[in-house]
Amino acid sequence: MPESNARKVITHHVNPVTRALREGRVCIGALSISFPCAPVAQIYAQAGFSWYYMDMEHGQLSYDQVREISYASKLAGIVPVAGPTSLSDHLIARPLDAGAMGVVAPHVETADQTELVVNFSRYPPMGKRGLIAQGPPSNFEAANSAEWVEEQNREMLVAVKVESGTGIDNVDEIASVPGLDAIIIGPGDLSATLGIPGQTDHPDVIDCIERMLAATKRHGIAGGPHVSTPEKAAHWVEKGATFMSLNFDGAMLLDTSQRVIEEVRGYLGSRML
């Protein structure tokens, strides 16, 4: 029999991505917009991604779906991370209560907004998240409340997405907020706010990413951009990035499908419809 590629089941006791980032290791996430679901999470786990990024801003995920995807992700050995639609208590806390092990909050531009994200993600005394110690996140174990709070405040991944010129201007203050683990840049939205929509390789966008990485380094947290290719991921790792998402599910399927069908066409030529 071929050697198994099975990964260890992830439990609420240990978040391997949060721990790896704090050790300075690189964690690459799989972004899912077009068809986020449990099987896709399992596929990405089998492929070797470290976290599964469920984009709720551009996708149409329900909290029930987040719960089922989170269960499947953890069983498959990939950390489920939710990208909520906006900056509000219930929009951030409910995916976590459904079993996500972290959040990437979008369109953050100030330190005050970052503090809100931390407050909605962490339990007192670090934040203001409402306490539930027995439910989907704990696999319905009867957890000791004090131990649960300490564990989750330690293991939960709290990240923000900076996607505007204003956010970059405030990135040093954002990176300094206690309880924040990481910053990720959305180059597409950033380019639009800079007046150069779609030009994600423009020198101004590159400068913004470098400014963000300098700020995260100063404050001892992780950071990186969303990237479209492995080559860009490798480039930014050399610049200090450790936290990135790579491409997205729809584009990956299209790219693979096009390459496969062109290969078939190369064999069959005009015989193929």
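You'll find the structure just up there.
Residues numbered from 1 in each chain as written. Predicted model: local features only at pLDDT ≥ 70, side-chain atom pairs only at ≥ 80, totals over all residues. Heavy atoms only, no water.

(A) Highlighting the nonpolar core. Counting residues in each nonpolar core, the largest one holds 53 residues, and the members touching the most others are Tyr52, Met54, Val117 and Ile183. Tallying contributions element by element places helix 10 (residues 203–219) first for this core, with six residues. Ignoring anything within four residues of it in the chain, the contact list for valine 117 reads Leu87, Ile92, Val103, Ala105, Val108, Val158, Ala159 and Val160. (Core = buried A, V, L, I, M, F, W, Y, C linked by side-chain atoms within 4.5 Å. Buried < 20%, exposed > 50% of the residue type's maximum accessible area, 1.4 Å probe, protein only. Helix = DSSP H or I, 4+ residues; strand = E, 2+ residues; numbered from the N terminus. Contact = heavy atoms within 4.5 Å.)

(B) Structural view of unusual backbone geometry. The omega torsion across proline 124 and proline 125 is 10°, close enough to zero to call that bond cis. In this structure, phenylalanine 140 is a non-glycine residue whose phi angle is positive, near 65°. One can find phenylalanine 140 in the loop between helix 5 (111–121) and helix 6 (145–155).

(C) Looking closely at helix 6. Among the residues of helix 6, those classed as buried are Trp148, Val149, Glu151, Gln152, Asn153 and Glu155. The elements touched by buried residues of helix 6 are helix 1 (16–22) and strand 5 (157–162). Regarding helix 6, its N-cap is asparagine 144, as a side-chain oxygen of that residue lies 3.0 Å from the backbone nitrogen of alanine 146 further along. (Polar contact = N/O pair within 3.5 Å; in protein donor to acceptor, adjacent residues only side chain to side chain.)

(D) Spotlight on the pairing of strand 7 (residues 222–225). In strand 7, alternate side chains face the same way, and those of Ala222 and Gly224 on one face and Gly223 and Pro225 on the other are all buried. The sheet contact formed by strand 6 (residues 182–185) and strand 7 spans four bridges and is parallel. Looking across to strand 7, one finds that isoleucine 185 is bridged to proline 225. (Pairing = 2+ DSSP bridges.)

(E) Spatial organisation of the environment of valine 14. Looking at the element boundaries, valine 14 is found in the segment before helix 1. Along the backbone, valine 14 and methionine 101 are 87 residues apart, and their C-alpha atoms lie at a distance of 9.7 Å. Ignoring any residue separated from it by four or fewer positions in sequence, one finds valine 14 in contact with Arg19, Met101 and Glu155.

(F) Just the packing of aromatic side chains, in detail. Scanning all chains against the criterion turns up four aromatic pairs. Where tyrosine 44 meets phenylalanine 49, the ring centres are 5.1 Å apart and the plane angle is 80°; that geometry is what we call edge-to-face. The same class applies to tyrosine 44 and to phenylalanine 49, which are both buried. By way of ring pairs, the aromatic residues Tyr44, Phe49 and Tyr52 are connected into one cluster. (Phe/Tyr/Trp six-rings, centres within 6.5 Å; stacked < 30°, edge-to-face > 60°.)

(G) Structural view of the layout of surface pockets. Here the largest pocket is characterised by a volume of approximately 410 Å³. Lining the largest pocket we find 24 residues, and of these Gly186, Pro187, Gly188, His226 and Val227 sit closest to its centre. When contributions to the lining of the largest pocket are tallied by element, the ones reaching two or more residues are helix 9 (187–193), helix 10 and helix 11 (230–238). Per-element tally for the lining of the largest pocket: the top contributor is helix 9, with three residues. Class assignment for the residues of the lining of the largest pocket results in nine nonpolar, eight polar and seven charged. Taken as a whole, the second largest pocket holds about 320 Å³ of empty space. Per-element accounting of the lining of the second largest pocket gives the leading share, four residues, to helix 1. (1 Å grid on protein atoms, 1.4 Å probe; cavity = no way out; pocket = protein on both sides within 12 Å on 5 of 7 lines; lining within 4 Å. Points joined across faces, edges and corners; volume = space filled by probe spheres on them. Nonpolar A, V, L, I, M, F, W, Y, C, P; charged D, E, K, R; others polar.)

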